Amino acid sequence: MLSNELSPAQSPSSKSESRMFNGVEKDCPSPTEKLARKESLKLQKQNYRQEKKRAAKELFSALKDPSVVIMSNWLKIRGSLKSWTKLWCALKPGVLLIYKTPKTDHWVGTVLLNACKLIERPSKKDGFCFKLYHPLDKSIWAVKGPKGENVGSITQPLPSNYLIFRAASESDGRCWMDALELALSCSSLYKLTAKAGREGDISTSSESSHILNLLQSSDTEFNDSVLLGNHHMEHDGFSDKSEREAHEDWDAVANENSGRLTEESDMDQSDELSPGPQATAYVEQGPEEMAEAGESSQVETVSEENKGLIWTLLKQLRPGMDLSKVVLPTFILEPRSFLDKLSDYYYHADLLSQAALEESAYGRIKQVLRWYLSGFYKKPKGLKKPYNPILGETFRCCWLHPQTDSSHTCETQQVSHHPPISAFYVCNKKDGFSISGSILAKSKFYGNSLSAILDGKARLLFLSRDEEYVITMPYAHCKGILYGTMTLELGGKISIECEKTKCAAELEFKLKPFLGGSCSVNQISGKIHVGEELLATVDGHWDSEVFIHEKRSGQQETLWNPSPEVRNHRLKRQVVQLDQQGEFESERLWRHVTSAIMDRDQNRATQEKFVLEDAQRKEARERGDKPWCPRLFHQDPVTSDWTYKHIDLRPWDPECCLVQFEKDGVIQTHERSQRRHNGLSYSHSWASQQKVSQHTHTHTHIHTPAHLCTLDNA
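Residues numbered from 1 in each chain as written. Predicted model: local features only at pLDDT ≥ 70, side-chain atom pairs only at ≥ 80, totals over all residues. Heavy atoms only, no water.

Going by an unreviewed UniProt entry, the protein carries the name Oxysterol binding protein like 5 and comes from Myripristis murdjan. Recorded under Subcellular location (unreviewed entry), the UniProt text for the protein is reproduced unchanged: "Endoplasmic reticulum membrane". (UniProt positions renumbered as here; feature names shortened; annotations may be inferred.)

What follows is the structure in structure tokens.
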């Protein structure tokens, strides 16, 4: 029996044999046939890879040559928030490159045209609209930029599976349509500079070294969580079997969800829905008016008309009285809210980005001190004070960092009216710093002078180092109210201390002495020490040049100087357009008062200001004893510190973090999609991340700098 089983006639390796599978007789291939089929599959895969390489080389050659541009011009692109952004578009064979400027320094995103369809889009507005879209609602974006960029320049979020463009005129729009049709259909454009033939090797430049990823997009599943033209793509390294199994698993997940659309399903069906997280649309603020350095900009002569108003006001006051409940005349108001004024400290926050990279503790505190001094030179002309914020009022803005391709966002809110407390939070997670805290504004009347005291501490945190700096603020002093010239100065001693490194800086803001000249105005002096060791001394003027004297080397250098060049190159503040602001955002809330002040109509300004204050009093009466809860901040019941509700102090992880953004007052980080053990992609839940962050950092120290060069009443 054994010999019969092993006889050549019945050997399984000699030929194909018939076997029963589930009651059905099927032929099984012999090992020889299996080997031949395997060799054939191997050859097919080799041809497949060669064909991809050939296509990549053809596209390399076209993209390397700067002359190969089919068309380039400005186009308006509609973002996920239904607002338009003007961007520079450069059409090349196979791709549409989108930049912020024609210099192509700030790449936003790259659209892969090989899977796109083009259609004209009707519009009621002027111009000509057309749409590029993926017919199966897949991503149209490339994973990297032309120079290998992983993260595009910050702009408003753009949809993942389509883009809507608006040209200035119909003729321009028709030209773009024709050019795009040409780029979509004419494959010969890929070979404009490929003179070496298909078999020759093409040396790749830095701009073309990542283009292979562009071609792989047609064979790859993209995750649909897309923000600002930055996308996550899996490599095309699966065998036929693994690809088939992955698609079967994908279909199974879709069936388990009973056809519901999820973030994993990658199938948004409407132009109006953005698959990725949506961010607030910011626009660059217009030119600002700033006073010059020196005493002249801090002095104001009161007109005869306004002197009567001041005397009427002074009759209500007595020395030592708190001015928080006194209604001040509008002619001394600076036409912006105190919450807006808090952001003056962050036009040079790129200094903090540099400080986070300093290796030595002394280098870091020296850079922090330089940043601290940068917040004082911006002051209004004359003696002005900002509006007292309404309870619940908010203000938000951000600054772009071109050097690090990041941004820092500022969120402020008036969390208490009596006493008047303003809380704020500033964060640039990518550059590794955050600042937070609260300010209690107090004003005292002393007869011929009054002071605005900013009671609070700023807490600057370097995220990757877990290093915190506690900062205090000077007070503002106004003299010459009854007689003499009204003059504003800063006074008092401040400190910047880091408990972890034992580094500390101390500054004294000096008031002008009675017999002092112009050179004694706005003077400061101070020192930097580690423990008991004195490392450097500081002196100068807080609105102009400040010098530092190194004790070890004996050298003197300029620590800070707000020269015209420095002012012109400071970070540009981005704000939310007025029509997109909420009812309780500062600019929109005070818009009628601001308009009247700009028109020099003091009567109308007073009336509009009274309307806001009366509405606040009415709301307080209706609320009664019910506690009022701020939307963005919460108070620690033990320490009474105000903390941002959505704080996330985890260090930036370049492997998964893409970009920081803000939406409805919530500062968030968009992260790459991860991949589960079964090979299916998914996106992180923003809500769950923030909940974890809040629980993790419930007792984290967060306070803010109160920097103000003007008087402030609560």
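Moving on from the coordinates now.
Next up on the list: the overall build of the protein. Regarding its fold elements, the protein presents 14 helices and 34 strands. Relative to its full complement of 714 residues, the protein shows a buried share of 51%. Only carbon and sulfur atoms are counted for the fraction: they give 51% of the accessible area of the protein, which is about 35200 Å². (Helix = DSSP H or I, 4+ residues; strand = E, 2+ residues; numbered from the N terminus. Buried < 20%, exposed > 50% of the residue type's maximum accessible area, 1.4 Å probe, protein only. Areas by Shrake-Rupley, 256 points an atom, 1.4 Å probe, with all protein chains shown as cover.)

Turning our attention to helix 12 (residues 591-598). Along an α-helix, a turn takes 3.6 residues, which lines up residues three or four apart on a common side. All of the buried residues along helix 12 are V593, A596 and I597. Down the axis, helix 12 shows its buried residues gathered within 100 degrees of arc, on one side only. Close packing links the buried residues of helix 12 with strand 12 (333-337), strand 13 (385-387) and helix 13 (602-623). (Arc of directions from axis to C-beta. Contact = heavy atoms within 4.5 Å.)

This next bit is on the confidence of the model for the protein. Parts of the prediction with low pLDDT should not have their coordinates interpreted in detail. Looking at the protein as a whole, its pLDDT mean stands at 75, while 68% of the residues score no less than 70. Note on residues 1-16: pLDDT under 50 across the span, and 11 contacts to partners over four residues away in sequence or across chains. Overall, residues 675-714 carries pLDDT values under 50, and its contacts beyond four positions in sequence, including any with other chains, amount to 149 contacts. (pLDDT = per-residue confidence, 0-100.)

Moving on: the nonpolar core. Counting residues in hydrophobic clusters, the biggest one holds 65 residues, and the most contacted among them are Y346, L369, W371, Y372, L460, I496 and F509. A per-element tally of this core places helix 9 (residues 361-373) first, with seven residues. If you look at the next biggest cluster of nonpolar residues, it comprises 27 residues, including L91, V111, F128 and A183. (Core = buried A, V, L, I, M, F, W, Y, C linked by side-chain atoms within 4.5 Å.)

Moving on, we come to the sheet that holds strand 3 (residues 71-78). The strand order 6-5-4-3-9-8-7 describes an open sheet built from seven strands, whose pairing is antiparallel. This sheet does not close on itself; its edge strands, each paired only once, are strand 6 (107-112) and strand 7 (117-121). For this sheet, the mean angle separating the axes of adjacent strands, direction not counted, is 35 degrees. By the bridge criterion, five bridges tie strand 7 to strand 8 (residues 128-133) in an arrangement that is antiparallel. In the sheet register, I119 faces strand 8, and the bridge partner there is K131. (Pairing = 2+ DSSP bridges. Axes fitted to C-alpha atoms, helices over the stretch in contact; angles between N-to-C directions.)

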